[in-house]
Amino acid sequence: MNWAILITIIFIATLVILATCGVGGGMMMLVMLNGYMSMPTPAAVSFLSSLYCVGIIIPALFGWIFVKVRHAEEIRFWHVLGASIGANVIVSVTIVVILTLIQMF
């Protein structure tokens, strides 16, 4: 039961981070790229790496708080971090697949 709740918390936190930092941050990235057209690749790489770091660390912290509150000793921090990375990858791949399918039709 703890695992199901933990994964649900991590997925919800990942979606919230994506909606706030990804969508709002995407507009900031476009503005930033207009200012840095001489080197757009480093700016895009730094933005995306910071978005992935925030999208992994914050849900992992929410999950770790849940584990500590529930006193779930069978769940370690590395389990929470792995679940957070997995949730971030699953959400990212799902969005890419949806956008690709929309573009095809």
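Everything quoted here is computed from the prediction, not taken from an experiment.

Let's shift gears to the overall build of the chain. A tally of regular secondary structure across the chain gives 3 helices and 0 strands. Written out in order from the N terminus, the α and β elements of the chain read α-α-α. Per-residue burial over the chain gives 29% buried out of 105 residues. A separation of at least 24 residues holds for 75% of the contacts in the chain among residues at least 6 apart in sequence. Carbon and sulfur atoms make up 79% of the accessible area of the chain, which totals about 7000 Å².

Among the secondary structure elements, T14 is positioned in helix α1 (residues 2–35). Judged by relative accessible area, which is 3%, T14 ranks as buried. Excluding anything up to four places from it in sequence, T14 contacts G55, P59, A87, N88 and V91.

For H71, which is not glycine, the phi torsion reads 55° and is therefore positive. One can find H71 in the loop between α2 (40–70) and α3 (77–104).

Before going further, it helps to spend a moment on the nonpolar core. Ranked by size, the top nonpolar core spans 9 residues in total: L6, I10, A60, F66, V67, A72, I75, V80 and A87. Broken down by secondary-structure element, the contributors of at least two residues to this core are α1, α2 and α3. A total of 3 residues in this core trace back to one element, the largest contributor, which is α2. For F66, the residues in contact, after removing those within four places along its chain, are N2, I5, L6 and I9.

What follows deals with α3. The terminal C-alpha atoms of α3, which comprises 28 residues, lie 41 Å apart, in line with the 40 Å expected from a rise of 1.5 Å per residue. Along α3, the residues that are buried comprise V80, S84, A87, N88, V91 and S92.

Before going further, it helps to spend a moment on the confidence of the model for the chain. Close inspection of predicted coordinates is inappropriate in any region flagged by low pLDDT. Averaged over all residues, the pLDDT of the chain is 82; the fraction at 70 or higher stands at 78%. Of all helices and strands in the chain, the one with the weakest mean pLDDT is α1 (78), whereas α3 scores best (88).

Glancing now at a nonpolar patch on the surface. A cluster of nonpolar side chains, contributed by I85, V89, V93, V97, L101, M104 and F105, occupies part of the molecular surface with about 720 Å² of accessible area. Structurally, F105 can be placed in the segment after α3. Given a relative accessible area of 80%, F105 falls into the exposed group.

This part is about the packing of aromatic side chains. Applying the stated rule across the entire model yields 2 aromatic pairs. Taking the centre distance of 5.4 Å and the plane angle of 90° together, the rings of W64 and F77 count as edge-to-face. Taken together, the residues span a long stretch of sequence, with W64 in helix α2 and F77 in helix α3 at a distance of 13 residues. Residue class for W64 comes out partly exposed when judged on its relative accessible area of 25%. Ring geometry for F77 versus W78: centroids 5.8 Å apart, planes at 70°, classification edge-to-face. For F77, a relative accessible area of 30% corresponds to the partly exposed category.

Conventions adopted
Residues numbered from 1 in each chain as written. Predicted model: local features only at pLDDT ≥ 70, side-chain atom pairs only at ≥ 80, totals over all residues. Heavy atoms only, no water. Helix = DSSP H or I, 4+ residues; strand = E, 2+ residues; numbered from the N terminus. Buried < 20%, exposed > 50% of the residue type's maximum accessible area, 1.4 Å probe, protein only. Contact = heavy atoms within 4.5 Å. Areas by Shrake-Rupley, 256 points an atom, 1.4 Å probe, with all protein chains shown as cover. Core = buried A, V, L, I, M, F, W, Y, C linked by side-chain atoms within 4.5 Å. Expected span 1.5 Å × (residues − 1). pLDDT = per-residue confidence, 0-100. Patch = residues over 30% accessible without salt bridge, like charges linked within 9 Å, V, L, I, M, F, W, Y side chains within 5 Å. Salt bridge = Lys/Arg side-chain N within 4 Å of Asp/Glu carboxyl O. Phe/Tyr/Trp six-rings, centres within 6.5 Å; stacked < 30°, edge-to-face > 60°.

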